[in-house]
Amino acid sequence: MKNKTTIIKVMAYITRFDGHHTELLVCEHKDYPEAGVQVPAGTVEEGETIEEALYREVKEESGLMEFLSVTKLKTYVYHHEGKSQYHERHVFHLEVQEETAERWEYKVNSEGEDAGLVFFYYWVPVGAVPKLAANQDDCINQLFL
């Protein structure tokens, strides 16, 4: 293993209730479909708290800012084999407060590694979430506890 440094990450399971069932917000890279289906996530920057990083990443990647509730689900270490890195993942559940479209495109507005990337967002029923990239679905079952 090249890098034994653990990188601190946040990951957001953003849900909404459509009157019938709970749906999870997922996204795909417009220019990198091979990256797979994902949820908003990113790296905690130096001097930033876990919660600050969570809100920053969600806003930068999706544009969403208002939530009814925010709950920390779990913290665990994930080995990202493709990058030969260990990630300390802080996984949160956020329930949206605002009305949201069924689908939208969002361009990342930041200076970081995702700057300028465009994501396609859409909602899927929690019980029918597809396989998420980089094992981001590891904690989906935590939504039901």
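Here goes a summary of the coordinates provided. Keep in mind the model is a prediction, meaning the values are calculated, not measured.

Generally, phi is negative for residues other than glycine and the peptide bonds are trans, each holding for most cases. For Ala 134, which is not glycine, the phi dihedral falls at a positive 50°. Mapping Ala 134 onto the fold places it in the segment after strand E7 (118-125). We classify Ala 134 as partly exposed; its relative accessible area is 31%. At Asn 135, a residue that is not glycine, the phi angle is positive and equals roughly 55°.

Our next topic: the environment of Ile 14. You can see Ile 14 is positioned in strand E1 (residues 6-17). As a C-alpha pair, Ile 14 and Ala 53 span 39 residues in sequence and 15 Å in three-dimensional space. Setting aside residues no more than four positions away along its own chain, Ile 14 makes contact with Glu 23, Leu 24, Leu 25, Pro 40, Val 58, Leu 64, Phe 67, Leu 94, Val 96 and Trp 123.

As a further point, take the packing of aromatic side chains. The final tally for this structure, using the stated rule, is four aromatic pairs. An angle of 55° between the planes, with centres 6.4 Å apart, marks the rings of Trp 104 and Trp 123 as tilted. Residue Trp 104 is located in strand E6 (residues 103-107), and its partner Trp 123 is located in strand E7; the two are separated by 19 residues in the primary sequence. Its relative accessible area of 18% is what places Trp 104 among the buried residues. Both rings, one in Phe 119 and one in Tyr 121, keep their centres 6.1 Å apart while their planes meet at 45°; by these two values the pair is tilted. We note that Phe 119, like Tyr 121, is buried.

What follows is about the side chain of Arg 89. Mapped onto the elements, Arg 89 comes out in strand E5 (residues 85-96). One buried charge, Arg 89, has no salt-bridge partner; the nearest side chain with opposite charge is Asp 138, at 4.2 Å. Within the structure, Arg 89 has its side chain in polar contact with the backbone oxygen of Ala 134 (distance 2.6 Å). Residue contacts for Arg 89: discarding those within four places in its chain leaves Lys 9, Met 11, Lys 74, Thr 75, Tyr 76, Tyr 78, Ala 134, Asn 135, Gln 136 and Asp 138.

Let us now look at the pattern of salt bridges. For the structure shown, the criterion picks out eight salt bridges. A salt bridge links Arg 56 to Glu 45; its shortest N-O distance comes to 3.6 Å. Of this pair, Arg 56 sits in helix H1 (residues 50-62) while Glu 45 sits in the loop between strand E3 (41-43) and H1, placing them 11 residues apart in sequence. Take Arg 56: its relative accessible area is 16%, and that puts it in the buried class. Residue Glu 57 pairs with Arg 56 through a salt bridge whose shortest N-O separation is 3.0 Å. An identical accessibility class is assigned to Glu 57 and Arg 56; each is buried. One salt-bridge network, held together by shared partners, links Glu 45, Glu 48, Arg 56, Glu 57 and Glu 60.

What counts, and where the lines are drawn
Residues numbered from 1 in each chain as written. Predicted model: local features only at pLDDT ≥ 70, side-chain atom pairs only at ≥ 80, totals over all residues. Heavy atoms only, no water. Helix = DSSP H or I, 4+ residues; strand = E, 2+ residues; numbered from the N terminus. Buried < 20%, exposed > 50% of the residue type's maximum accessible area, 1.4 Å probe, protein only. Contact = heavy atoms within 4.5 Å. Phe/Tyr/Trp six-rings, centres within 6.5 Å; stacked < 30°, edge-to-face > 60°. Lys, Arg positive; Asp, Glu negative; His and termini not counted. Salt bridge = Lys/Arg side-chain N within 4 Å of Asp/Glu carboxyl O. Polar contact = N/O pair within 3.5 Å; in protein donor to acceptor, adjacent residues only side chain to side chain.

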